[in-house]
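Spelled out, the chains give:
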Amino acid sequence: MKQVIVTSKNPAKIAAVEAAFYDAFPDTLFIFTGISVASGVAEQPMTEQETYAGACNRVRHAKAEYEGDFYVGVEAGLDGQHTFAWMVIDDGTTQGEARSASLPLPPEALDALHQGEELGDVMDRMFATENVKQKGGAIGMLTGHRLTRSSVYHQALIMALIPFMHPHLYR
């Protein structure tokens, strides 16, 4: 059985990681553990570079503190007028990375983010919801639940798993 350390306790992120691993490796048994580790970046990363650094930092901190076969960092942030997330997966010898699809944000949301608010809080206010970031996320709200945070992250996680699915091609 393989131990997968997910560097978040967010149910939407953990669900996406579980689905991606089982889709990529249907004959492997996994145990998924969500943990809290520091990202080393702002609560709301405001650039692509800061978002990537947050995902890498989470993996690095998890590897230093926990025993696992895979470490998965998922960090959401901004890139201009869009929100997206970086996926970083590491098994100690190989690292897979992928970026999720980008979601255009309404100007009102961007203004609030530039004033220091977090996207989940902004979406909760805009859509009169509670704790949307642990549910469908901004993606769910803005797409009318046609997509969710987990569904968009799932695709990027599958792409980040490619080096593990085809190790002979990524030496």
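Residues numbered from 1 in each chain as written. Predicted model: local features only at pLDDT ≥ 70, side-chain atom pairs only at ≥ 80, totals over all residues. Heavy atoms only, no water.

Engineer: If you had to explain helix H3 (residues 107-114) to someone new, which residues and values would you point to?
Structural biologist: If you check which residues of H3 are buried, you get Ala109, Leu110, Ala112 and Leu113. For H3, the angular spread of the buried residues around the axis is 160°, confining them to a single face. Seen from the open side of H3, the exposed residues pointing more than 90 degrees away from its buried face are Pro107, Glu108 and His114. Where H3 is buried, its residues meet strand E3 (70-79) and helix H4 (119-127). (Buried < 20%, exposed > 50% of the residue type's maximum accessible area, 1.4 Å probe, protein only. Helix = DSSP H or I, 4+ residues; strand = E, 2+ residues; numbered from the N terminus. Arc of directions from axis to C-beta. Contact = heavy atoms within 4.5 Å.)

Engineer: Which residues make up the packing of H3 against H4, and what are the values?
Structural biologist: Two elements in contact, H3 and H4, have axes whose closest approach is 10 Å; the angle formed by their N-to-C orientations is 135°. In terms of their interaxial angle, H3 and H4 are classed as oblique. In this structure, the crossing between H3 and H4 has a hand that is right-handed. Here H3 contributes Glu108, Ala109, Ala112 and Leu113 to the contact with H4, which in turn contributes Leu119, Val122, Met123, Arg125 and Met126. Counted by class, the contact of H3 with H4 contains 7 nonpolar, no polar and 2 charged residues. (Axes fitted to C-alpha atoms, helices over the stretch in contact; angles between N-to-C directions. Parallel < 35°, antiparallel > 145°, perpendicular 65-115°, else oblique. Left-handed = near helix turned anticlockwise from the far one by under 90°. Nonpolar A, V, L, I, M, F, W, Y, C, P; charged D, E, K, R; others polar.)

So far we have only geometry, and geometry alone does not tell us how the molecule works.
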